[in-house]
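# Observations on the three-dimensional arrangement
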Amino acid sequence: MASEVGKDILRQGGNAVDAAVAVGFALAVVHPEAGNIGGGGFMVIRPSNGQVQTLDYRETAPARASRDMYLSAGPEASVTGHLAAGVPGAVAGLTEAHRRYGRLPLSAVLEPAIRLANEGFLIDEYRSASIGEDSSRLVLFPASRTTFLPNDRPPAPGSTFRQPELGATLEAVRDSGSAGFYRGWVADLIVAEMRRGGGLISHEDLGRYRAIWRDPIEVTYRGHTIYSMPPASSGGVTMGEILNIMEGYSPLPPFGSVALMHREAEAMRRAFTDRNRYLGDPGFVRNPVERLLSKDYAAELRKQIGEQASVTPKFEAGMDAGASTTHYSVVDADGNAVSCTTTLNNSYGSAVTVTGAGFLLNDEMDDFATSPGQPNMYGLVQGEANAIAPGKRMLSAMTPSIVLDRNKQLYLVVGTPGGPKIITMVYHVISNVIDHRMSLPQAVEAPRNHHQALPDSLQVEEGGFLTATLDSLGGKGHGTWSRGLWGDVEAIIRTPGGWQGVSDPRRGGGGAGY
Ligand code: DON
């Protein structure tokens, strides 16, 4: 439904940014587990003139947040409930992207989302089951209970789901832009909700929130140019480090081989070690981006990689969380491209719906190093660079990316949800296309593997790799861990026949075009 909204906006004469903004607001209505006006995100924009910009609308820690707040409040407090929420960035980001690049009026790009909220849409099995899976968290908060569990049950497949309070909030944004959210009655309701549940977000936090334009991370890979997200996301730097290490293996060993998966695991391990140690909000810490992305540094790291796993094998299982992030890629007829990933963090974020305003608040505070040395909900162990401080953005793994071919022509727009695995999934799609010569549908469907330094295990998608391969990797010292299917890549590639959009078969999204 959100993809159809984007297509309609393009048809009305909107450009890729108009369509992306319309899709973003529509997802806030039709994909409540991940979308998102109570959360934040990142957008990489490549206008057809080639001047790439990125927009950081990540949440910030409230002014009253402090480094050790979850040591006393307890670890669950950064995941569920009012204390888990950072100051939302999505409305500031979407309206700012539209202000700078949009062609249609804001009212036109918000209209479809407002209609879907007020008139409702048909609930499918996926969404009904997804609300059911998180019902034990949603039932804890009265406004979430009335919104998502009418009659104390998730809305049945085939029923119409209306969200009039969310519709009114979106109308406030339509009428007053971002001030309709960060000031006025919506802001009053957010602050009242905080008071109700002991949360920290104040009028001052909301009034102070700004989306930030940043220069993209730019990495070359076998003659291609990749633009991705700089800190406050770790996505571009960490993926760039992996690509730089792998570029030195030329050609790469074949897809699915022990030789390839071993080298990937060692490259990923090193990139995530640097990520977890060095990266954080650039407003607070100096990110050594130039060094981490230099080809010389990659060569140094490559030299350390032998034929055995370079850390004493010790299998450790990590943690995993739900599906609360969403990615969309847009290309318009003029060749403007947008790659956008947004999140609430966990499914349904903090599970707190703002009473009277109809949207869920994020639990992005858990992306900080909430308890130094302890894994977060994705098993990431992070340090001081990502410690909590008032006004600071928590480090993300989201990796919206745009790839140019060897002639600097727009080639691939790509991204996905999936916590830290986002970084390795986007790496895989790019490498599958460039190195393994896969078509985009093959590249997206191909089984995925992931290493993030800690937990120290090579995670692989269940059923994706031969047992003999996993046994050989074990012989090299990798503890391999098979489980589930990951992610939801939404990508667009240029083919000789035109643009081809591919939606990951794993999670039930869909593309649209004309
Ligand atoms: O910003 C991040 O890295 C996380 N909050 C993303 C979480 C995520 O992708 C969960 N979705 N499946």
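Let me begin by describing the structure that accompanies this report.

### Regarding the overall build of the chain
Counting its regular elements, the chain contains 19 helices and 16 strands. At 21 Å, the chain has a C-alpha radius of gyration in line with the 24 Å of a compact globule built from 514 residues. By principal-axis analysis of the C-alpha atoms, the chain measures approximately 60 × 55 × 45 Å. When each of the 514 residues of the chain is scored for burial, the buried share is 64%. In the chain, the proportion of contacts linking residues at least 24 apart, taken out of those at least 6 apart, comes to 72%. Entry remark: accessible area of the chain is about 18,300 Å², with carbon and sulfur atoms responsible for 50%. Of note, the chain has its 46 positive side-chain charges centred 4 Å away from the centre of its 54 negative side-chain charges.

### Some words on unusual backbone geometry
Most peptide bonds adopt trans geometry, and most residues besides glycine take a negative phi value. Note the cis peptide between Ser250 and Pro251, where omega equals -5°. Each neighbour pair has its own omega, and for Leu454 with Pro455 the value is 0°, a cis peptide bond. The phi angle at Asp152 is positive, at roughly 60°, despite the residue not being glycine. Along the chain, Asp152 turns up in the loop between α8 (142-148) and β4 (160-161). Phi at Lys408 is positive, roughly 65°, even though this residue is not glycine. Under the relative-accessibility criterion, Lys408 is labelled partly exposed at 49%.

### Topic: the sheet that holds strand β8 (residues 325-331)
As summarised here, the arrangement of the 5 strands in space is β5-β2-β1-β9-β8, forming an open sheet in which the pairing is antiparallel. Edge positions in the sheet fall to β5 (212-214) and β8, since each of these pairs with one other strand and no more. This sheet shows a mean twist of 15° between the axes of neighbouring strands, independent of strand direction. Pairing geometry for strand β1 (residues 40-46) and strand β9 (residues 337-343), over 7 bridges, is antiparallel. Residue Gly40 lies in a different strand from β9, and its bridge partner there is Thr343.

### Remarks on the pattern of salt bridges
Inspection of the entire model under this criterion finds 26 salt bridges. For Lys7, the salt bridge identified is with Glu4, shortest N-O distance 3.2 Å. Here Lys7 pairs with Glu4, and both are found in helix α1 (residues 2-11), just 3 residues apart, close to one helical turn. Arg67 serves as the salt-bridge partner of Asp68, at 2.8 Å between the closest nitrogen and oxygen. Arg67 gets classed as partly exposed once you look at its relative accessible area, which sits at 34%. Through salt bridges with shared partners, a single network forms among Glu266, Arg269, Arg270 and Asp456.

### What about the nonpolar core?
Counting residues in each nonpolar core, the largest one holds 73 residues, and the members touching the most others are Phe25, Met43, Leu170 and Phe359. Here this core gets 13 residues from one element, more than from any other, and that element is helix α2 (residues 16-30). With residues near it in sequence (within four places) discarded, Phe25 still touches Ile37, Val91, Leu94, Leu110, Ala113, Leu170 and Val173. Val52, Tyr221, Ile423 and Val502 belong to the second-largest nonpolar core, a separate cluster that totals 62 residues.

### Comments concerning the site of the ligand
Around the ligand, a shell composed of 18 residues is seen, among which Thr325, Asp367, Ser396, Ala397 and Gly419 lie nearest. Interatomic distance of 3.0 Å between a backbone N/O atom of Gly418 and an oxygen atom of the ligand. Contact between the ligand and Gly419: an oxygen atom at 2.7 Å from a main-chain N or O atom of the residue. Protein chains bury 97% of the 340 Å² of accessible surface belonging to the ligand in isolation. In terms of residue class, the shell around the ligand is built from 6 nonpolar, 8 polar and 4 charged.

### Concerning the packing of aromatic side chains
Under the counting rule described, the total for this entry stands at 7 aromatic pairs. On the basis of an interplanar angle of 65° and a centroid distance of 6.0 Å, the ring pair of Phe148 and Tyr348 is categorised as edge-to-face. Here Tyr348 lies in the loop between β9 and β10 (401-404) and Phe148 lies in helix α8, a separation of 200 residues in the sequence. Relative to Tyr209, the ring of Tyr182 has its centre 5.9 Å away and its plane inclined at 10°; by these criteria the two rings are stacked. In this pair, Tyr182 sits in helix α10 (residues 179-182) while Tyr209 sits in the loop between α12 (203-208) and β5, placing the two residues 27 residues apart along the sequence. The exposure class of Tyr182 is buried, given its relative accessible area of 5%. Owing to a relative accessible area of 5%, Tyr209 belongs among the buried residues under this scheme. One aromatic cluster is present, built from ring pairs that chain together Phe121, Phe148, Phe161 and Tyr348. Taking the ring centre of Trp486 as reference, the NZ or CZ of Lys421 above it sits at 4.8 Å. Lying across the ring of Trp481, Arg483 places its NZ or CZ 4.1 Å from the centre.

### Side note on the sheet that holds β10
Sheet architecture is open: 6 strands sit in the order β6-β7-β10-β11-β15-β16, paired in antiparallel fashion. The outermost strands of the open sheet, each flanked by one partner alone, are β6 (217-221) and β16 (498-503). Neighbour to neighbour, the strand axes of the sheet diverge by 20° on average, direction disregarded. Pairing analysis gives 5 bridges linking β6 to strand β7 (residues 224-228), with the strands arranged antiparallel. Of the residues in β7, the one forming a bridge with Tyr221 is His224. The sheet strands contacting helix α13 (residues 235-247) are β6, β7 and β10, and the helix crosses β6 at an angle near 15°. Sitting on the sheet, helix α17 (residues 421-434) is in contact with β6, β7, β10, β11 (410-414) and β15 (490-495), with an inclination near 150° to β11.

### Describing the pairing of β16
Across 6 bridges, the pairing between β15 and β16 is antiparallel. Bridge pairing in β16 links Ile492 to Gly501.

What counts, and where the lines are drawn
Residues numbered from 1 in each chain as written. Predicted model: local features only at pLDDT ≥ 70, side-chain atom pairs only at ≥ 80, totals over all residues. Heavy atoms only, no water. Helix = DSSP H or I, 4+ residues; strand = E, 2+ residues; numbered from the N terminus. Rg over C-alpha atoms; globule rule 2.2 N^0.38 Å. Buried < 20%, exposed > 50% of the residue type's maximum accessible area, 1.4 Å probe, protein only. Contact = heavy atoms within 4.5 Å. Areas by Shrake-Rupley, 256 points an atom, 1.4 Å probe, with all protein chains shown as cover. Lys, Arg positive; Asp, Glu negative; His and termini not counted. Charge placed at Lys NZ, Arg CZ, Asp CG, Glu CD. Pairing = 2+ DSSP bridges. Axes fitted to C-alpha atoms, helices over the stretch in contact; angles between N-to-C directions. Salt bridge = Lys/Arg side-chain N within 4 Å of Asp/Glu carboxyl O. Core = buried A, V, L, I, M, F, W, Y, C linked by side-chain atoms within 4.5 Å. Near = heavy atom within 4 Å. Polar contact = N/O pair within 3.5 Å; in protein donor to acceptor, adjacent residues only side chain to side chain. Nonpolar A, V, L, I, M, F, W, Y, C, P; charged D, E, K, R; others polar. Phe/Tyr/Trp six-rings, centres within 6.5 Å; stacked < 30°, edge-to-face > 60°. Lys NZ or Arg CZ within 6 Å of the ring centre and 35° of its normal.

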